[in-house]
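# Close look at the chain arrangement
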Amino acid sequence: MIYLDNNATTSLLPEVRAAMEPFWTEHFGNPSSAHRFGRLARKAIEDAREQIAQSLGAFPDELIFTSGATEANNLAVFGLPRSRGVILSSGIEHPSVREAVAALVQRGYSQREFPVCSDGIVDAEAFDSLCDGEVQLACLMLANNETGALQPVRALAHICQERRIPLHCDAVQAVGKIPVQFHELGVTTLSFSGHKLHGPKGIGGLLVRRGVKLTPLFHGGHQERGRRPGTEPVPLIVGLAKSIELAHRDRQNRFDHVRQLRQVFLDGLRRRCAPIFVNGPEHDSLPHTLNVSFPGCRAEVLLMRLDLAGIACSAGSACSSGSLLPSPALQAMHLPDERLHSAVRFSFSHLNTLNEIERAVQLIAEVVCEIRQLTADDSAWSAPSMFASR
Ligand code: PMP
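Reading the values: the criteria
Residues numbered from 1 in each chain as written. Predicted model: local features only at pLDDT ≥ 70, side-chain atom pairs only at ≥ 80, totals over all residues. Heavy atoms only, no water. Pairing = 2+ DSSP bridges. Helix = DSSP H or I, 4+ residues; strand = E, 2+ residues; numbered from the N terminus. Axes fitted to C-alpha atoms, helices over the stretch in contact; angles between N-to-C directions. Contact = heavy atoms within 4.5 Å. 1 Å grid on protein atoms, 1.4 Å probe; cavity = no way out; pocket = protein on both sides within 12 Å on 5 of 7 lines; lining within 4 Å. Points joined across faces, edges and corners; volume = space filled by probe spheres on them. Nonpolar A, V, L, I, M, F, W, Y, C, P; charged D, E, K, R; others polar. Domains from an automatic or database assignment. Buried < 20%, exposed > 50% of the residue type's maximum accessible area, 1.4 Å probe, protein only.

### Thoughts on the sheet that holds strand S9 (residues 277-279)
Taking strand neighbours across the sheet as the criterion, the three strands line up as S9-S10-S14 in an open arrangement whose pairing is antiparallel. Taken across any chain shown, the strands that pair with only one partner, and hence form the sheet edges, are S9 and strand S14 (343-347). This sheet shows a mean twist of 35° between the axes of neighbouring strands, independent of strand direction. Where helix H9 (residues 251-272) meets the sheet, its contacts fall on S9, strand S10 (289-293) and S14, and the angle it forms with S10 comes to roughly 10°.

Structure below.
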């Protein structure tokens, strides 16, 4: 299998696994215990906190460990607003932000959305008029998980700071791939997740500016200074720190390699699968993500056939009928139907090789050609339900 779904999750690096190993076995203490086992576990956590905070341009006491970015995003969205008012967010946010905001709307908040341009970048010109005195919280991700589009977070942070509006930034797809410096970015809170950067699943973090009031989601313990109670998962925290350390150390090499892979892949698809459309900006984006529409191919059929051919990639979001709905992020870009329903996301990691990419292009070209041929034959007599729009 050729794994091109690294925005969904990444494999655990052997160095990360090795760093975690002793904390599954001999160093099993509860970090809250006063004896030696506990002290050793506590030190591992505090060393990890210090190292992660330093890599992300934050103070150690600004980092809260969570079970991942879904929890970190929920913690920020529910924990930051101080009174009922308007929540400002974009249609391209991850469901862990979008649906948390929708839950606040159910509780009597109202919502405003940043307009999204056709390239998947929110329209910064709208910031000024949308950020008024009613806004209790603004949310804008740093890099979109569907298109890789980098968002103008710094520009929004500037306006939010002036107007004393807390700004939450989901930086899950950016941390470990490009430099992310919390204080420089100027946001109030920032979330990230271990398993997107070759770290373990089930661990992530929320950076929270010093002095900011945050209402916890959970109650019943003193851990993380009461803001995220519960016994800390020491091995996962150690693994998270190791994966960030490696990502930081090798960032430029990884980035250059992934950028080259994407270019070779895209050039190959353009040569062998024309016509194709790139969804999202071709340049102001993370090279780790490439969202492509293949007119004449339904995304769910393409995905299934690519899986059989040995390529793992993704598209849209599952719905109860078993078919795929176009991703809300692509819908927010107002793409034409044909592009929405034929969009597939390929996402790369530094572990992918040039050989894999060349082989993937060849396989994709064969599958796309076959499906287009079938679609053309079918539509000559009638469109089968698989291709009819739902
Ligand atoms: N935000 C973004 C942009 C993501 O891509 C993801 C993972 N799909 C999440 C949040 C949720 O992260 P986790 O899996 O750690 O809960």
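Moving on from the coordinates now.
### Description of the layout of surface pockets
Size it by volume and the largest pocket reaches roughly 410 Å³. Lining the largest pocket are 32 residues, with His94, Pro95, Asn145, Glu146 and Arg345 sitting closest to its centre. Among the secondary structure elements, those contributing two or more residues to the lining of the largest pocket are helix H3 (69-79), helix H4 (95-106) and helix H11 (328-332). Per-class residue counts for the lining of the largest pocket are 10 nonpolar, 16 polar and six charged. Residue assignment places the lining of the largest pocket across two domains, with domain 1 (14-246) and domain 2 (251-377) each supplying three or more. Roughly 350 Å³ of volume is contained in the second largest pocket. In terms of lining, the second largest pocket is formed by 18 residues, of which the most central are Arg164, Ile165, Pro166, Thr188 and Val212.

### Focus: the pairing of strand S7 (residues 189-193)
Burial of S7 is extensive: five of the five residues sit out of reach of the surface. Where burial is concerned, the two faces of S7 agree: the one with Thr189, Ser191 and Ser193 and the one with Leu190 and Phe192 are both buried. Bridge analysis of strand S6 (residues 167-170) against S7 gives three bridges, and the strand direction is parallel. The partner of aspartate 170 across the bridge, within S7, is serine 191. The pairing of S7 with strand S8 (residues 204-208) spans five bridges and is antiparallel. The partner of leucine 190 across the bridge, within S8, is leucine 207.

Purely geometric numbers; function is a separate question.
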